[in-house]
Every structure is written in C-alpha cells, then in structure tokens.
Amino acid sequence: MDMTLESCRTFVDVLASSAPAPGGGGAAALVGAIGTALGNMVGSLTVGKKKYADVEEEILTLKAKCDALQKELLDQVEADDRGFVPLAKAYGIPKDDPNRDAILEEATVTACAVPMHIMELCAEAIDYVAVFAAKGSRLAVSDAGCAAVCCKAALQAASLNVFINTKSLKNRAVADEMNAKANAMLAASCAKADEIFNTVTASFGQ
C-alpha cells in the first residue's frame, strides 16, 4: 500500500503502530516533501507580483525544480519500505546458514540507499529554499524559514537511517565512505538551513 495515497491521519496512525513501514525513512521523506512544498509556496506567492518582476524567471525555474523534487521525495516513502524488505528477510535467515552474512551485508547496503538519497534530495531542497528566503515574497518569509527547518529535520532523520545500518556493515571501507558522504551533507546543509532560520528570525527583530 502506497501510504502517500492515504489520509494524513491514516499515515500517522500506521506510523504509530507496530507495522514495520512506514518508519523513520518514510517519515523523513514525507517531512522533506512538506518542507520543499513550503518553499515552493513562497515561490507561488512571489510570481506575478510587480515588486518581484526582476526575479520572476529565476523563481519560476526554482518552482519547476521543486515540483519535481517534492514528488520524488514522496516517492521515497514507498521506496524506503521496499528497500527495507530484503534486510528484514535477511535477519530471518537461520544463523547457521553459511550464506547469511553475505546476504545480510548486501541487504544492509541496499537499506542505506534510499535514506542516503533522501538526504541528497533534502540538501538540494535547502539550496532552493535559501533562494526563496532571500528573493521571495517578504509576506511569506516565515514559510521559507519553516521550509528550512523541515528540510533540515528530514535530512537529519534520514541520516540516522543511514548510520544505524552502516554501523553493522562488516566492510568498513564501504561503511566509512557512506558515513563520510552523509556527514558532509549534514555539515553543509544543516549550516545552510540554520543560516536561513536565523536570517528569517532576525528579520522579525528576534
């Protein structure tokens, strides 16, 4: 079942249940999509306004990118579910099976792929939100700040779904490579999201 086709209430109810999915990865993807959409809303409230005519083409381009990005993030909700299935099955293999370790290792790497991609998408979204916050309608600047906060939270949440899996990898070179990539995104994009939030907050005299 594609949970993104269900109501918000159903999604939250299933998330709170003992069902294996959606979990942290799916929740991160949804929050990232919401953050991206909030940034996109700032763009929607900017285009067509004479005051922002000089940035309209840039904003329209960003809006098109965000349209695609928020849809791709929503697609990751179900993708994360599918990515976890092989790992769940691998844990069910008897411990005396000689193939268990190899299957578990491959499934663990697979389980890292979607949350890593969610991180990449959220980092991209934060870049776009920075432009909406700087150049978009001042009447919606608080929404740009909210967008940055949501995308940062989604980025951090997705990273935890990477790190919990890389911790158990036997191939430490592969684990270290993924950890380095995730940590680099966290460092750069969280700092940018914080800058957006702080700039927006300062504009309110806070």
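Just so you know, these numbers come straight off a predicted model, no measurement behind them.

A closer look at the overall build of the protein chain
Phase 1 of the analysis: On a plain count of helices and strands, the protein chain comes out with six helices and zero strands.
Phase 2 of the analysis: Walking the protein chain from its N terminus toward its C terminus, one meets helices and strands in the order α-α-α-α-α-α.
Phase 3 of the analysis: Along the three orthogonal principal directions, the C-alpha set of the protein chain runs to about 70 × 35 × 30 Å.
Phase 4 of the analysis: The buried share among the 206 residues of the protein chain stands at 41%.
Phase 5 of the analysis: Partitioning the intrachain contacts of the protein chain with sequence separation of at least 6 by distance along the chain shows that 76% fall at a separation of at least 24.
Phase 6 of the analysis: Taken as a whole, the protein chain presents about 10,700 Å² of accessible surface, with 60% of it coming from carbon and sulfur.
Phase 7 of the analysis: Of the charged side chains in the protein chain, 19 are positive and 26 negative, and the gap between their average positions amounts to 5 Å.

Considerations on the side chain of threonine 166
Phase 1 of the analysis: Within the secondary structure, threonine 166 sits in helix H5 (residues 141–166).
Phase 2 of the analysis: Within the local environment of threonine 166, its side chain forms a polar contact with the backbone oxygen of phenylalanine 163, the two atoms lying 3.2 Å apart.
Phase 3 of the analysis: Looking at threonine 166, its side chain comes within polar contact range of the side chain of asparagine 179, at 2.7 Å.
Phase 4 of the analysis: Among residues more than four places away in sequence, those in contact with threonine 166 are Cys112, Arg172, Ala175, Met178 and Asn179.

Quick notes on the nonpolar core
Phase 1 of the analysis: Core analysis: the biggest nonpolar cluster contains 49 residues, and Leu73, Met116, Ile118, Met119, Phe132, Leu155 and Ile196 have the highest contact counts within it.
Phase 2 of the analysis: Contributions of two or more residues to this core are made by helix H1 (8–16), helix H2 (24–44), helix H3 (56–91), helix H4 (100–135), H5 and helix H6 (172–203).
Phase 3 of the analysis: Per-element accounting of this core gives the leading share, 13 residues, to H4.
Phase 4 of the analysis: If near-sequence neighbours (up to four positions away) are discounted, leucine 155 is found in contact with Met119, Cys122, Ala123, Ile126, Met185, Leu186, Ser189 and Cys190.
Phase 5 of the analysis: The next biggest cluster of nonpolar side chains, apart from the first, holds six residues, and it includes Leu87, Ala90, Ile93 and Ala111.

A look at the pattern of salt bridges
Phase 1 of the analysis: Tallied over the full model, the rule gives five salt bridges.
Phase 2 of the analysis: Between arginine 82 and glutamate 78 there is a salt bridge; the shortest N-O distance is 4.0 Å. Residue arginine 82 and its partner glutamate 78 are located together in helix H3, separated by four residues, close to a single helical turn.
Phase 3 of the analysis: Accessibility expressed as a relative area gives 31% for glutamate 78, which makes it partly exposed.

Let's talk about the packing of H2 against H4
Phase 1 of the analysis: For the pair H2 and H4, interaxial distance at closest approach is 9 Å and the crossing angle is 20°. When the axes of H2 and H4 are compared, the pair comes out roughly parallel. At the point where H2 passes H4, the crossing takes the left-handed sense. In this structure, H2 uses Gly25, Ala28, Ala29, Gly32, Thr36, Gly39, Asn40, Val42 and Gly43 to contact H4, whose residues at the interface are Ile118, Cys122, Ala125, Val129 and Phe132.
Phase 2 of the analysis: Looking at the contact of H2 with H4 residue by residue, the class counts come to eight nonpolar, six polar and no charged.

Some points on H3
Residues spaced three or four apart along an α-helix point in a common direction, a consequence of the helix completing one turn every 3.6 residues.
Phase 1 of the analysis: Here H3 is 36 residues long and its end C-alpha atoms lie 52 Å apart, about the 52 Å a rise of 1.5 Å per residue gives.
Phase 2 of the analysis: In H3, a bend of some 30° at valine 77 exceeds every other bend along the element.

Side note on the environment of valine 31
Phase 1 of the analysis: When you line up the elements, valine 31 lands in helix H2.
Phase 2 of the analysis: By relative accessible area, valine 31 is classed as partly exposed at 30%.
Phase 3 of the analysis: Each C-alpha atom, one on valine 31 and one on leucine 155, is 9.2 Å from the other, the two residues being 124 residues apart in sequence.
Phase 4 of the analysis: For valine 31, the contacting residues outside a window of four places in its chain are Cys150 and Ala154.

Cut-offs applied
Residues numbered from 1 in each chain as written. Predicted model: local features only at pLDDT ≥ 70, side-chain atom pairs only at ≥ 80, totals over all residues. Heavy atoms only, no water. Helix = DSSP H or I, 4+ residues; strand = E, 2+ residues; numbered from the N terminus. Buried < 20%, exposed > 50% of the residue type's maximum accessible area, 1.4 Å probe, protein only. Contact = heavy atoms within 4.5 Å. Areas by Shrake-Rupley, 256 points an atom, 1.4 Å probe, with all protein chains shown as cover. Lys, Arg positive; Asp, Glu negative; His and termini not counted. Charge placed at Lys NZ, Arg CZ, Asp CG, Glu CD. Polar contact = N/O pair within 3.5 Å; in protein donor to acceptor, adjacent residues only side chain to side chain. Core = buried A, V, L, I, M, F, W, Y, C linked by side-chain atoms within 4.5 Å. Salt bridge = Lys/Arg side-chain N within 4 Å of Asp/Glu carboxyl O. Axes fitted to C-alpha atoms, helices over the stretch in contact; angles between N-to-C directions. Parallel < 35°, antiparallel > 145°, perpendicular 65-115°, else oblique. Left-handed = near helix turned anticlockwise from the far one by under 90°. Nonpolar A, V, L, I, M, F, W, Y, C, P; charged D, E, K, R; others polar. Expected span 1.5 Å × (residues − 1). Bend = angle between axes of the 7 residues up to and from the residue.

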